[in-house]
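Observations on chain architecture
Chain by chain, the residues:
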Amino acid sequence: AGFNMYAVVFSGLDGKPAKISDVVSGDFQENDEIQIFSESGAYDTYFYSEGKWFSGLTFEESTNLLPVGTSFWVKTAAPTQITLKGAVLEGDYSYMGRLGYQMVSFGVPKEVPLNGDSVVWENLTNNDELQIRNGESYKTYFYNDGAWYDGVDFSRTTDKVPIGASVWLRAQNAAPSFVVKGLN
């Protein structure tokens, strides 16, 4: 119950972005929500009703597509089993960011170490920040000299982003980008 962050790690079965209802399923209740953080800094909100997702703006059934790498909140009134489904991305996943806060995901159905050769970070600067939701709070990491460091003890981290998790990335001086190596 409450708010949880998720990431789309699958495309539609045809390899293209798919509708919300084709990617996200579960035992949702009336008026549960999906909120997608947009580039404008606002949220696009969708409400669950009668087994379908409806746009919070038009109140019509959503036909919006969720590309691989889309990050989103799910708000539920009760504990809910959620399933993300689709085709696994072939090859690597690339992300091009912007300055400021952004909700991002890693686009592959595997744990992703923050440091190491599974992900190549570019255009990050010292003190850029990453936050991973851990239950009801966040664990914070800071970027320094080419690596991510734990925000509490400032040691170089060996932590991984969980499968299907979204994270908050705050870039202070440049538009960040990264490439995550795929499963194949």
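Before reading on, note that the structure itself is shown above.
We now turn to the structure provided with this report. (Residues numbered from 1 in each chain as written. Predicted model: local features only at pLDDT ≥ 70, side-chain atom pairs only at ≥ 80, totals over all residues. Heavy atoms only, no water.)

**Considerations on the sheet that holds strand β12 (residues 93-96)**
Spatial ordering of the open sheet is given by β12-β21-β15, a layout of three strands whose pairing is antiparallel. Single-partner strands in this sheet number two, and they are β12 and β15 (119-122). The mean angle between the axes of side-by-side strands here comes to 10 degrees, regardless of whether they run parallel or antiparallel. Judged from the four bridges that link them, β15 and strand β21 (residues 177-180) form a sheet pairing that is antiparallel. Paired with Trp121 across the bridge in β21 is Phe178. (Pairing = 2+ DSSP bridges. Helix = DSSP H or I, 4+ residues; strand = E, 2+ residues; numbered from the N terminus. Axes fitted to C-alpha atoms, helices over the stretch in contact; angles between N-to-C directions.)

**With respect to the packing of aromatic side chains**
Counted under the stated rule, the structure contains 14 aromatic pairs. Centroid distance Tyr95 to Phe178: 5.1 Å. Interplanar angle 25 degrees. Geometry classified as stacked. Placement of Tyr95 in strand β12 and of Phe178 in strand β21 is noted, with a sequence separation of 83 residues between them. Considered together, Tyr95 and Phe178 belong to a single accessibility category, that of buried residues. An aromatic cluster of three or more residues is present, and its members are Tyr93, Tyr95, Phe106, Trp121, Tyr143, Trp148 and Phe178. (Phe/Tyr/Trp six-rings, centres within 6.5 Å; stacked < 30°, edge-to-face > 60°. Buried < 20%, exposed > 50% of the residue type's maximum accessible area, 1.4 Å probe, protein only.)

Geometric values such as these leave the question of function open.
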